[in-house]
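Residues per chain, in single letters:
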Amino acid sequence: MADRYLEVVEPEDNVATALRDVEAGETVTVAVGDQERTIEMLDDVNFGHKLAIEDIADGETITKYGKSIGNATEDIPAGTFVHVHNVESNYGRGDLAGDEEVEAVSE
Amino acid sequence: MSEFLGYERDDGSIGIRNHTVIVSTAPYANDTVKRAADIVDDAVPITHPLGRCQTKPDVFQTYRTLLGYATHPNTYGAVVVAHAGEIVDGDELAGDVAETGRPSASINIHEEKGVMNALDATVDAAREMVQDASAQRRVPADMSNLTFGINCATSDTTSGLCQHKATAGAVWRLIDEHGGRGCFAETPEFFGGETELSERAVNDEVRQEILDRVGNWDKRLQATGYDVRGAQPTPDNMDGGLTTIEEKSLGALVKSGDGPIQDIVDYGAKIPDQSGMYIMDTPGHGAESVTGIGAGGAHFMVISTGQGHTLSNAVMPTLKITGNPHSAERVPEQTDVDVSEALVGDETIEWATDELWDEVIDIVNGKVTLSEAMGESQFAIHRIGPST
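Residues numbered from 1 in each chain as written. Chains lettered and ligands numbered in written order. Predicted model: local features only at pLDDT ≥ 70, side-chain atom pairs only at ≥ 80, totals over all residues. Heavy atoms only, no water.

> Is there a simple way to think about the interface of chain B and chain A in this case?
Interface size is commonly expressed as the accessible area that is lost once the parts come together. Taken residue by residue, the interface counts 38 residues in chain B and 33 residues in chain A. With both sides pooled, the region where chain B packs onto chain A buries about 2,900 Å², and carbon together with sulfur makes up 54% of that total. Considering only the surface of chain B that becomes buried against chain A, B:Leu161, B:Gln222 and B:Thr243 emerge as the three largest contributors, covering 19% of it. Taken together, the links from chain B to chain A amount to four salt bridges. A:Lys50 is paired through a salt bridge with B:Glu247; the nearest N and O atoms lie 2.8 Å apart. At the junction of chain B with chain A, the criterion picks out 16 residue pairs in polar contact (both at pLDDT 80 or more). In terms of residues, the side of chain B that touches chain A owes the most to one element, helix α9 (residues 245-252) of chain B, which gives five residues. For the side of chain B that touches chain A, the residue count by class is 13 nonpolar, 16 polar and nine charged. (Contact = heavy atoms within 4.5 Å. Buried area = accessible area lost by both parts, 1.4 Å probe. Salt bridge = Lys/Arg side-chain N within 4 Å of Asp/Glu carboxyl O. Polar contact = N/O pair within 3.5 Å; in protein donor to acceptor, adjacent residues only side chain to side chain. Helix = DSSP H or I, 4+ residues; strand = E, 2+ residues; numbered from the N terminus. Nonpolar A, V, L, I, M, F, W, Y, C, P; charged D, E, K, R; others polar.)

> Mind showing me how you'd approach the sheet that holds strand β11 (residues 276-280) of chain B here?
Strands belonging to one sheet form pairs held by backbone hydrogen bonds; the direction of such a pair is parallel or antiparallel. Residues and elements named next belong to chain B. Taken in spatial order, the seven strands of this open sheet run β10-β11-β9-β8-β12-β13-β14, and their pairing is parallel. Here the strands that pair on one side only, and so sit at the sheet edges, are β10 (261-265) and β14 (337-338). Alignment of strand β9 (residues 181-184) against β11, held across four bridges, turns out to be parallel. Across the sheet, Cys183 pairs through a bridge with Tyr278, a residue of β11. (Pairing = 2+ DSSP bridges.)

> Got a minute to help me understand the side chain of B:Thr322 in this structure?
Residue and element names in this part refer to chain B. Following the sequence through the fold, Thr322 ends up in strand β13 (residues 318-322). Relative accessible area serves as the criterion here: at 1%, Thr322 is assigned to the buried category. Discounting residues that sit within four places of it in the chain, Thr322 has contacts with Gln163, Thr305, Gly306, Ser327, Ala328, Thr335, Val337, Asp338, Val339 and Ser340. (Buried < 20%, exposed > 50% of the residue type's maximum accessible area, 1.4 Å probe, protein only.)

> When you look at the pairing of strand β1 (residues 3-8) of chain B in this model, what are you seeing that I'm missing?
The two faces of a sheet get side chains in turn, since along a regular strand they alternate between them. Residue and element names in this part refer to chain B. Direction of pairing for β1 relative to strand β7 (residues 139-142): antiparallel, over a ladder of four bridges. Among the inter-strand pairings, Phe4 is bridged to a residue of β7, identified as Ala141. As defined by bridge partners, β1 adjoins strand β2 (residues 14-15) across two bridges and the pair is classed as antiparallel. Counterpart to Tyr7 in the pairing with β2 is Gly15. Two successive antiparallel strands, β1 and β2, enclose a turn made up of five residues, where Gly12 displays a positive phi of approximately 95 degrees.

> How do you make sense of the nonpolar core when you look at a structure like this?
Soluble globular proteins: nonpolar side chains tend toward being buried together. All names here are of chain B. In this structure, Phe148 and Phe184 are the most contacted members of the largest nonpolar core, which totals 50 residues. Tallying contributions element by element places helix α13 (residues 349-364) first for this core, with seven residues. Counting residues in hydrophobic clusters, the runner-up holds 22 residues, among them Ala36, Tyr76, Ile107 and Ile109. (Core = buried A, V, L, I, M, F, W, Y, C linked by side-chain atoms within 4.5 Å.)

The structure is reproduced here in structure tokens:
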């Protein structure tokens, strides 16, 4: 049965939010729309933080609320802690100003 | 029942509080204002570092914000204290207050020949207003008069999953069932959700205005030459699990619900009288955003917080709601409504909405919020450009 403390907002999301502390080595089950998915945890994930519920390749979009919340900066296998160390934003990138990439990305 | 007990004003507005405010027009009047407010019980000091050496757009914004507080529905009367002949003119501000039928007074430190005389005059004027205000009684008023401000603070990943949903439920109850108004803000926190938000606009003009203002914020931030990640999400947001500004934004927008948007107004500008949901164009900086929404005339504000927050406003009562069980423990004296049972317990979002709504009704009828009881308040006018 799906763990109610691992919340996937929209079925197309590739991350879940942990509403309890999750430990590396745990096997967890998440509800994704009408489906259930079982994942081996590779990292500890604390209350309020996110975990990948599928394999996400470097550069791919991280999806929550059914929308982009940024891009993966490395390969993120299912069960990995997803946060500022492996995701980057696409907005307000003054550090890229002058590059073609600076154009704001919207959905 | 769709009435509450409020204070009638000559300009037709109805207040839920009956404050005497003492407004500084420039930093050099701040000390006189603070000292007078220390002496006169119940007087609210409005101080800030602005009001001179600003370019026109900033002068307008400063003046509009100060006038918004001096003529707020919750304001009985205002004493304006100026230092000399600054660009924000004290006599003009006091005159604009008087036009609303509110008692007003203008004190100028140079004209009074010093701070001691100015303090004396300020105390005299404020004391008289406080005493007259205390004689005014609450009368029944229609709830359609009320404007519900919304802001988030120290957001985390629980914000968009729980407390923002309860907040949206309560504000739309005021709009749909009672004909009131709502106002949310924090334009840079629309990043990532601006397209969907703009599609809620009542017409194409408002839709384009929302997109233009979001685009302007992105340009302003890029023009600093720095990655917005240096400032957003904030370190406390990141501690709470928020990874990017887009994730913060998508959660933040949950607090506005999904109903139609009537208009987007300038920072500190008056929120229109017609029923419905409005946006104010403010930064995500909570103290600046809340100050702007208060200037717009919101009667009260729900601050929907993830990790707990002290953000508050002296003229527009603020109540905090959280759905994060750890936050309710972390800052209990700042948590007016704890709905964490809807996130990690057996309660529903409908229950959480009812909990918030009941507290809102008590507060508009005179119950003080925790931050009012604690005497906490911050005031920060957003500035557009550099000082000169």
